[in-house]
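# Geometric and topological summary
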Amino acid sequence: MNNILVLPLIVPIITAIFLVFLRDYIKLQRIVSFVTMVFVSVVAVVLLQLIQTEGILKVDFSGWAPPFGILFVADSFSVLLVLAASIVTAICLLYSFATIGHRHERMFFYPFVLFLLAGVNGSFLTGDIFNLFVCFEVMLLASYVLIALGGEKIQLREALKYVLINVVASWLFLVALAYLYGTVKTLNMAHIAQRVAEAGQDSMLTTVAILFLIVFALKAGLLLFFWLPGSYSVPPTAVQALFAALLTKVGIYALFRTFTLMFPLNPDVTHTILGIMAAATILAGCMGALSGKDVRTIASYNVIIGVGFILVGLAVGTESAMAGAVYYLLHDMTAKALLFLIIGTMVYVTGEVVVKNMSGLIRNYPLFGWLYFVVMCALAGIPPLSGFLGKVLIGQGAIEAESYILLGLGFASSVIVLYSLLRIFLASFFGETVISNEETKPIPRGAMVSFVLLAMCIVGLGVGAEGLAVYVEDAAHTLVNPSIYIDAVLNANE
Amino acid sequence: MESLMVVLVGILVAVATYLILSRTVLRVIIGTAVLSHAVHLLILTVGGLKKGDVPLLSQSDGPYTDALPQALILTAIVISFAVTAFVLVLAYRMYLTNGSDDFHELGGPSDE
């Protein structure tokens, strides 16, 4: 019965392979890929309900009981992320139908998006750290192609940099895996947690933990984000939005799993480093967002600030901070996708990338302008939109744990986020319009639909927080008490 | 035997680092390939080199050799194949577009 757990990984892969044969039938490709995403979202909702009634679900592949086989584990945290990822991808697909163009569509754009999502979902669901590596690679290979697709000079250059950085990061991941396997002789995450708890987290294991911290920090854009602004600004808008919404979040998810489940025993060292890195990330992200002149650069640095803020929640580590971090992760996925879609559309309609050169867009595109206003308020954390509750809960956790520096930095970053986005709003949307009525390029209807849907998600996440609270609290509870997860995986059959 | 392997891994990492820091794209790619070989050997070594029998339970009295590192390396090799193949194609396309395989001539910050 639990077999539906594998659907979020398998369905996108099978559909993607199927779509390869439908290269010339673009309409059919669109319909099939969108239906697949909706189906995966529905599966995620069903899983979420199932976890509430039956506890943490797992599938041991071919019946090999852990710790011997490989397995998928679904707790509320991972399924919430699967749900958000699938919904955001479905909406980004709607946007790409209208904007991506036939050249991309004929070069297997939709299969690659589906492969990307399969890797992301697999990373969220796997209960085995080597499979985490494999799913990371599935996701990364798809993302390499999506950056390079189009073949422009700057795209190829950034893609090459991005690939090389990620190859080195994956190498470090393997080194960390080798040392981990050498030390604890197991790869099942729950079993690792158990072994670490039995043996105590000595200096060797703490070193391994720090190695994992470096790897996932590179993937998540935590402090080691030098590759991010470049590679996030070259691909087409729909791809940028997908990257902003999904890629760094997988790294963040891995960090949460590593430091709540596997290595939680030496917080003096690991969580202090995490806190320092989160603080430095927020500071550097704020500086980048303030100094950027290019709208895409400002948006990329906003991704970095978001990463820092979520990891404040992990560094603090109390239950309310965890709940806040989960809320904020869900919010960040939807809001960053909308931000990147809107920024990309601004570049498309004006043909400019520098903030100063755009002006008065709200006269030509009133709804578009107010949607930007909504996402700006959400990212700054203005109630009742989605960012507010996450910020409040993380702040509450920071007060409980008496980390006032992180608290101060976190909330100061909200002001910077508001300022940097407000600068775009005031300069680009208000003032004399630079586009005359005859020159106004219409925004495709499909694009507007995707904006409205994402904005509805943002409002829904904020207003409907009460309905979501059950799942988020369950996720946070499991994160703070890893024994629930370990019991569910290792002792389920007894 | 283990110490010999570790020294070999060290040499491979040193070679790979040297190659990755060079200016030509092709040498960097060869460097990443060597780097992945180094880590495969590392996994084999920390997993324990062959000390016992093939792990077929009840066929011999043991001790058995751990087969898992080999499975891990096999997966990692396939992935590194795929990535290397992709990056070679990417480098070739970039050579066609830019007419150079020198990182300095690609140059320029990302927000030009």
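The following refers to the structure shown.

Parameters and conventions
Residues numbered from 1 in each chain as written. Chains lettered and ligands numbered in written order. Predicted model: local features only at pLDDT ≥ 70, side-chain atom pairs only at ≥ 80, totals over all residues. Heavy atoms only, no water. Helix = DSSP H or I, 4+ residues; strand = E, 2+ residues; numbered from the N terminus. Rg over C-alpha atoms; globule rule 2.2 N^0.38 Å. Contact = heavy atoms within 4.5 Å. Areas by Shrake-Rupley, 256 points an atom, 1.4 Å probe, with all protein chains shown as cover. Lys, Arg positive; Asp, Glu negative; His and termini not counted. Charge placed at Lys NZ, Arg CZ, Asp CG, Glu CD. Buried area = accessible area lost by both parts, 1.4 Å probe. Salt bridge = Lys/Arg side-chain N within 4 Å of Asp/Glu carboxyl O. Polar contact = N/O pair within 3.5 Å; in protein donor to acceptor, adjacent residues only side chain to side chain. Phe/Tyr/Trp six-rings, centres within 6.5 Å; stacked < 30°, edge-to-face > 60°. Buried < 20%, exposed > 50% of the residue type's maximum accessible area, 1.4 Å probe, protein only. Axes fitted to C-alpha atoms, helices over the stretch in contact; angles between N-to-C directions. Parallel < 35°, antiparallel > 145°, perpendicular 65-115°, else oblique. Left-handed = near helix turned anticlockwise from the far one by under 90°. 1 Å grid on protein atoms, 1.4 Å probe; cavity = no way out; pocket = protein on both sides within 12 Å on 5 of 7 lines; lining within 4 Å. Points joined across faces, edges and corners; volume = space filled by probe spheres on them. Nonpolar A, V, L, I, M, F, W, Y, C, P; charged D, E, K, R; others polar.

## Observations regarding the overall build of chain A
- Of regular secondary structure, chain A possesses 21 helices and 2 strands.
- Taken against the 2.2 N^0.38 rule, which gives 23 Å for 494 residues, the C-alpha radius of gyration of chain A at 22 Å falls within 12% of a compact globule.
- Here the C-alpha coordinates of chain A stretch approximately 70 × 55 × 45 Å along the principal axes.
- Pairs at least 24 residues apart make up 82% of the contacts formed inside chain A by residues separated by at least 6 positions.
- For chain A, the computed accessible surface area is about 16,600 Å², with 67% contributed by carbon and sulfur atoms.
- Positive and negative side-chain charges of chain A, numbering 23 and 26 respectively, have mean locations separated by a distance of 14 Å.

## Focus on the interface of chain A and chain B
- With 31 residues of chain A at the contact, the number on the chain B side is 36 residues.
- Note on chain A versus chain B: buried area summed over both sides is about 2,900 Å², and carbon and sulfur give 80% of it.
- Among the residues chain A hides against chain B, the three largest losses belong to R157(A), L160(A) and W171(A). Together they make up 22% of the total.
- Here chain A and chain B share 0 salt bridges between them.
- Linking chain A with chain B are 4 residue pairs in polar contact (both at pLDDT 80 or more).
- Elements represented by at least two residues in the side of chain A that touches chain B include exactly α6 (129-148) and α7 (153-184) of chain A.
- Looking at the side of chain A that touches chain B element by element, the count peaks at 18 residues for α7(A).

## Observations regarding the packing of aromatic side chains
Residues and elements named next belong to chain A.
- Scanning the model with the defined rule gives 35 aromatic pairs over all chains in all.
- Centre to centre, the rings of F77 and F256 are 5.6 Å apart; their planes meet at 55 degrees, and the pair counts as tilted. Here F77, found in helix α3 (residues 76-99), pairs with F256, found in helix α11 (residues 237-262); they are 179 residues apart in sequence, far enough to count as distant. Per residue, the accessibility class of F77 equals that of F256, and both read buried.
- With a centroid separation of 6.0 Å and an interplanar angle of 55 degrees, the aromatic rings of F368 and F429 are classed as tilted. Placement of the pair is F368 in helix α16 (residues 366-380) and F429 in helix α18 (residues 404-429), with a sequence separation of 61 residues.
- Residue classification places F429 among the buried positions, given a relative accessible area of 0%.
- Taken together, the aromatic side chains of Y95, Y365, F368, W370, Y372, F373, F425, F429, F430 and F451 make up a single cluster linked through ring pairs.

## Focus on the packing of helix α1 (residues 7-20) of chain A against helix α5 (residues 109-125) of chain A
Residue and element names in this part refer to chain A.
- Interaxial distance between α1 and α5 falls to 8 Å at its minimum, and their mutual angle equals 165 degrees. In terms of orientation, α1 and α5 fall into the roughly antiparallel class. When you trace α1 past α5, the crossing you get is left-handed. Where α1 approaches α5, its residues P8, L9, P12, I13, T15, A16, I17, L19 and V20 are matched on the opposing element by Y110, P111, L114, F115, L117, A118, N121, G122 and L125.

## Details of the side chain of D102(B)
All names here are of chain B.
- Along the chain, the position of D102 falls in the loop between α3 (68-98) and α4 (103-106).
- Note on D102: relative accessible area 15%, which makes it buried.
- At a separation of 3.0 Å, a polar atom in the side chain of D102 contacts the side chain of R23.

## What to know about the layout of surface pockets
- Quantified by volume, the largest pocket comes out at close to 950 Å³.
- For the lining of the largest pocket, the secondary structure elements donating two or more residues are α3, α4 (102-106), α7, α10 (228-233), α11, α12 (270-291), α13 (295-316) and α14 (319-350) of chain A.
- Per-element accounting of the lining of the largest pocket gives the leading share, 6 residues, to α7(A).
- For the lining of the largest pocket, the residue count by class is 19 nonpolar, 16 polar and 8 charged.
- Looking at the lining of the second largest pocket, the elements that each hand over two or more residues are α6 and α8 (189-199) of chain A together with α3 of chain B.

## Here we look at unusual backbone geometry
All names here are of chain A.
- In this chain, P383 is followed by P384 through a cis amide linkage whose omega measures 0 degrees.
- By secondary structure assignment, the location of P384 is in the loop between α16 and α17 (386-400).
- One non-glycine residue with positive phi stands out, namely L223, at about 65 degrees.
- Mapped onto the secondary structure, L223 falls in the loop between α9 (203-220) and α10.
- Judged by its relative accessible area of 34%, L223 is partly exposed.
- Even without a glycine there, the phi angle at E402 is positive, about 60 degrees.
- By secondary structure assignment, the location of E402 is in the loop between α17 and α18.

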